[in-house]
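Residues per chain, in single letters:
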Amino acid sequence: MADKVLVAMSGGVDSSVSVKLLLDEGYDVAGATMRLYSNEDIGLDKTRTCCSLNDVEDARFVAFKLGIDFHVFNFSDDFKHYVIDNFVDTYLAGGTPNPCIECNKHLKFAKFYERAKLLGFDHIATGHYAAREFDEKSGRWLLKRSPDRSKDQSYVLYSMTQEQLAHTLFPVGEMHKDKIRDIAEENKLINANKPDSQDICFIPDGDYAGFITKRCGEQQSGDIVLSDGTKLGKHKGLIHYTIGQRKGVGISYSEPLFVITKDMEHNRLIMGKADEVYSDSLVAGDVNFIPFDTLTEPITCTAQTRYHQKDAECTVSPMNDGKVLVTFKEPHKAISKGQAVVFYDGEYVIGGGTIL
Amino acid sequence: MEKRFVYADNSATTRVSQKALDAALPYFTELYGNPSSIYSLGMECAKAVLKAREQVANALGAKVNEIYFTAGGSESDNWAIRGCAQLGEKKGKKHIITTAFEHHAVLHTCQYLEKLGFEVTYLPVGDKGLVTAQQVEDAIRDDTCLVTIMTANNEIGTIQPIAEIGEVCHKHGVWFHTDAVQAVGNIDINVKDMNIDMLSLSGHKLHAPKGVGALYVKTGINLPNLIYGGAQERNKRAGTENVPSIVALGVAITDAVKDIPAKNERVRKMRDRLIEGLLKIPESRLNGDTEHRLAGNVNISVRGVEGESLLLSLDLQGVAASSGSACTSGSLDPSHVLLSLGLPHEVAHGSLRLSINDENTEEDVDYILEVLPPIVKHLRSMSPLWERICRTENIHDYTLD
């Protein structure tokens with residue numbers, strides 16, 4: 001009997017085409033969409049966000065077109081707890097959160113995967129651009145970048161466990177977007193021309209500060225200072241700024257200044273010259289490794305501290321208490337607390353963690 | 001000729017097709033689940049609704065997520081117009097353009113909006129019952145939020161230049177809604193080619209049951225919710241779906257839009273024979289343009305006769321017809337459509353609408369042509385009004401011969 005696969009369908013083109021590809025390969029396929037929030041929950045009445053009601057309907061239609069069963073899982077409580085609250089808290093603590101990673105970790109590869117297991121599915125599948133590979137020698141599953149580097153999503157998948165990797169298929173993971181759109185169009189899937197989803201699905205307009213202000217009220221204004229303490233002006237609440245930001249801070253100085261630290265304790269925005277945005281090292285916690293369970297001795301590899309970024313050579317060393325120290329060969333720009341650092345060996349993901 | 005039943009009121013409603021009925025029946029007693037339910041019985045119903053949604057979308061050249069099921073044409077009209085008014089008001093746009101001879105679902109909604117402070121321009125339709133894109137363009141203002149003009153008139157069957165009107169609207173950034181209740185299934189419609197932003201349709205005019213219809217809303221127009229409650233119809237029109245009727249609508253509309261030109265050719269031949277025969281009645285006239293007209297529509301005025309007496313007499317002979325729209329038969333006013341053509345009250349009162357379709361036969365036409373002239377003659381022979389017309393206009397009173 002064919003293996004049963006439950007595809008996490010977002011209503012978007014990638015997961016829709018995933019269904020089609022799995023059917024062609026002979027799998028017994030069903031689809032499900034996670035209902036993660038209602039538009040009202042996030043203070044919106046507009047659509048075009050990821051897992052909103054409209055997308056559920058789009059996904060349902062794709063499932064209908066392809067003749068597979070379709071389910072809707074309501075995970076909005078978990079989403080609020082693990083993703084939205086975490087997003088707000090991290091921001092208020094001066095960090096730069098990455099909600100996609102939290103969602104993958106706590107929703108897609110946790111709640112959704114568990115639910116699929118309960119329902120008797122052998123695998124889940126997602127529309128991510130990444131590939132997995134079984135390594136006979138070590139007996140472990142490995143995670144690889146997508147060959148289409150511009151679409152590569154391996155960065156947000158670093159926290160996958162061996163069990164999750166063993167049971168997750170990425171049908172479009174090694175394909176190019178154009179090919180995927182062609183397949184969608186050929187099969188008259190509704191969303192062939194639907195735009196790619198934004199980075200943060202629950203803030204479709206991209207106004208993070210506005211989102212947080214709506215939930216937590218206006219933030220207090222405070223001083224903008226140089227790293228030596230020289231006052232430069234007033235900021236309008238620290239949530240409005242990100243590490244490395246140059247434009248839109250509203251100060252003038254003899255040379256370009258960048259946001260280098262958000263001093264939450266004293267409500268100060270600390271600016272520095274170009275060289276001060278760079279640092280040599282970082283500490284990451286909550287780490288996960290893919291080709292091995294724990295890091296026992298330093299390794300050299302490359303790292304990314306943002307979603308789409310060039311590889312930076314570094315050394316990753318184990319610390320006590322499970323954290324790791326990452327030392328960069330060249331000073332690294334705009335390292336932000338709360339973002340993920342992900343380690344690569346060529347095309348392979350070694351692992352990653354949250355920047356502390 | 002033997003008495004027979006002739007249904008010549010297909011603009012009022014149509015017979016549900018056997019195919020649509022057969023498709024719907026299982027959803028009463030076998031597949032009776034709620035489409036929102038999580039189990040298979042519910043999922044089967046959700047699939048059936050989706051299939052119907054796709055069928056309606058295909059019939060209009062729309063996308064499946066642009067189709068909202070409603071309870072019929074009037075609801076769709078109300079939703080589109082009131083919704084656009086609400087959106088327009090937010091931008092300070094409180095002007096609507098329509099025509100003088102819309103269905104009451106449109107006219108009364110516009111009148112209601114006037115009470116709320118909107119301004120409505122009612123375009124005149126001339127003596128032929130047609131508006132032009134130029135008229136629309138001339139009426140568009142900076143604060144116009146919506147143009148709503150019917151595709152085909154329900155009483156006189158005249159077909160408006162929808163594509164051109166839509167083009168003018170888009171040129172000026174104004175939304176365009178059309179009530180296509182009489183048109184869908186009778187003329188080819190493609191919402192993209194015809195520049196339509198919103199379109200109302202009704203199931204029972206095209207061989208689906210009463211109580212189901214749809215509104216097409218182009219992607220990008222975020223109409224306010226019509227009914228608050230559950231998440232049905234993308235959260236915009238709450239209420240458990242009318243699954244059997246929706247299924248029937250999907251099947252019926254698919255058939256209705258098939259081979260329209262061929263169907264129309266046959267219907268038009270019968271219709272033209274009817275018109276030709278009926279115009280032989282002295283002092284009778286055809287209302288509305290002859291060329292831009294639904295293939296099955298006949299609307300004549302017979303002077304000196306009350307429309308109502310004509311209908312009752314026809315019914316005694318087994319012919320189901322109407323004077324004007326069935327929706328207004330409860331009122332004593334003459335048809336606002338005929339008045340909009342500039343007809344005097346007295347003429348408008350004596351009007352008869354026969355609406356035939358491809359279920360009618362040549363024998364039906366023969367029968368009507370046989371029974372109607374004697375009815376008119378009889379009614380006129382007893383009509384003081386006819387006598388006065390003859391006297392004052394020096395017309396030879398043939399009823400006395």
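Residues numbered from 1 in each chain as written. Chains lettered and ligands numbered in written order. Predicted model: local features only at pLDDT ≥ 70, side-chain atom pairs only at ≥ 80, totals over all residues. Heavy atoms only, no water.

Novice: Sorry if this is basic, but what is going on with the overall build of chain B here?
Specialist: Within chain B, the regular secondary structure consists of 14 helices and 12 strands. Relative to the compact-globule value of 21 Å for 401 residues, chain B shows a C-alpha radius of gyration of 22 Å, a close match. Along the longest, intermediate and shortest principal axes, the C-alpha atoms of chain B span 75 × 55 × 35 Å. Looking at chain B residue by residue over its 401 residues, the buried ones come to 58%. A total of about 16,800 Å² of accessible surface is found on chain B, and carbon and sulfur atoms cover 52% of it. In chain B, the 40 positive side-chain charges and the 51 negative ones have mean positions that sit 4 Å from each other. (Helix = DSSP H or I, 4+ residues; strand = E, 2+ residues; numbered from the N terminus. Rg over C-alpha atoms; globule rule 2.2 N^0.38 Å. Buried < 20%, exposed > 50% of the residue type's maximum accessible area, 1.4 Å probe, protein only. Areas by Shrake-Rupley, 256 points an atom, 1.4 Å probe, with all protein chains shown as cover. Lys, Arg positive; Asp, Glu negative; His and termini not counted. Charge placed at Lys NZ, Arg CZ, Asp CG, Glu CD.)

Novice: Could you clarify how one ought to interpret the sheet that holds strand β9 (residues 284-286) of chain B in this entry?
Specialist: Whether parallel or antiparallel, the strands of a sheet pair through hydrogen bonds between backbone atoms. Residues and elements named next belong to chain B. On the basis of which strands lie adjacent, the open sheet formed by three strands has the order β9-β10-β12 and antiparallel pairing. Since the sheet does not close on itself, it has two edges, and those belong to β9 and β12 (351-355), each with one partner. Within this sheet the neighbouring strands show an average axis-to-axis angle of 25 degrees, counted without direction. One ladder, built from three bridges, connects β9 with strand β10 (residues 297-302); its direction is antiparallel. Bridging across to β10, Ser 284 finds its partner in Val 302. On top of the sheet, helix α9 (residues 260-278) reaches β9, β10 and β12; it is set at about 10 degrees to β10, its chief contact. (Pairing = 2+ DSSP bridges. Axes fitted to C-alpha atoms, helices over the stretch in contact; angles between N-to-C directions. Contact = heavy atoms within 4.5 Å.)

Novice: How should the side chain of Glu 102 of chain A be read in this particular structure?
Specialist: Its location among the elements puts Glu 102 of chain A in helix α4 (residues 99-118). Glu 102 of chain A has contacts with Tyr 82, Val 83, Asn 86 and Leu 107 of chain A, leaving out every residue within four places of it along the chain.

Novice: Could you clarify how one ought to interpret the pairing of β10 of chain B in this entry?
Specialist: Look at any regular strand and the pattern is simple: side chains alternate between the two faces of the sheet. All names here are of chain B. Counting buried positions along β10 gives six out of six residues, so the element sits mostly inside the fold. Taken together, the five bridges between β10 and β12 define a ladder with antiparallel strand orientation. Directly across from Asn 297, in β12, lies its bridge partner Ser 355.

Novice: Help me out: how do you make sense of the interface of chain A and chain B in this one?
Specialist: Interface extent is often summarised as the accessible area lost during association of the parts. Across the boundary between the two partners, chain A contributes 15 residues, which contact 12 residues of chain B. Contact between chain A and chain B buries roughly 1,400 Å² in total, counting both sides, with carbon and sulfur atoms accounting for 58%. Inspection of the region where chain A meets chain B yields three salt bridges. One salt bridge connects Asp 69 of chain A with Lys 47 of chain B, and the closest N-O pair in it is separated by 3.7 Å. Our count for the chain A to chain B interface comes out at two residue pairs in polar contact (both at pLDDT 80 or more). Contributing elements (two or more residues each) for the side of chain A that touches chain B: α2 (53-66) and β3 (69-74) of chain A. Here the side of chain A that touches chain B takes eight residues from α2 of chain A, the largest share from any one element. Residues that form the side of chain A that touches chain B fall into these classes: five nonpolar, two polar and eight charged. (Buried area = accessible area lost by both parts, 1.4 Å probe. Salt bridge = Lys/Arg side-chain N within 4 Å of Asp/Glu carboxyl O. Polar contact = N/O pair within 3.5 Å; in protein donor to acceptor, adjacent residues only side chain to side chain. Nonpolar A, V, L, I, M, F, W, Y, C, P; charged D, E, K, R; others polar.)

Novice: Is there a simple way to explain the side chain of Asn 287 of chain B in this structure?
Specialist: Structurally, the position occupied by Asn 287 of chain B is in the loop between β9 and β10. For Asn 287 of chain B, the contacting residues outside a window of four places in its chain are Ile 156, Arg 293, Asn 299, Ile 300, Ser 301, Leu 338, Leu 341, Leu 343 and Ser 351 of chain B.

Novice: Looking at this structure, I do not really get the UniProt feature "site: Interaction with tRNA" (unreviewed entry) in chain A. What am I missing?
Specialist: Residue and element names in this part refer to chain A. Residues annotated by UniProt as "site: Interaction with tRNA" (unreviewed entry) correspond here to His 128 and Gln 339. Tracing the backbone through its elements, the reader meets His 128 in the loop between β4 (123-125) and β5 (130-135). Ignoring any residue separated from it by four or fewer positions in sequence, one finds His 128 in contact with Asn 104, Lys 108, Phe 109, Gln 153, Val 156, Leu 157, Phe 170, Val 172 and Gly 173. On the secondary structure map, Gln 339 appears in the loop between β15 (324-333) and β16 (340-345). Not counting residues up to four positions away in its chain, the partners in contact with Gln 339 are Thr 96, Pro 97, Asn 98, Tyr 155, Thr 305, Arg 306, Gly 353, Thr 354 and Ile 355. At a separation of 3.1 Å, a polar atom in the side chain of Gln 339 contacts the main-chain carbonyl oxygen of Thr 96. (UniProt positions renumbered as here; feature names shortened; annotations may be inferred.)

Novice: Honestly, the sheet that holds strand β9 (residues 231-235) of chain A in this entry has me stumped. Any pointers?
Specialist: Residues and elements named next belong to chain A. Taken together, four strands build an open sheet; the order of strands is β9-β8-β11-β10 and the sheet is mixed. Each edge of the sheet is formed by a strand with only one pairing partner; in this case those strands are β9 and β10 (258-263). With strand direction ignored, the average angle separating the axes of adjacent strands in the sheet is 30 degrees. Bridge count between β10 and strand β11 (residues 268-272): five bridges; the pairing is antiparallel. The partner of Asp 263 across the bridge, within β11, is Arg 268.

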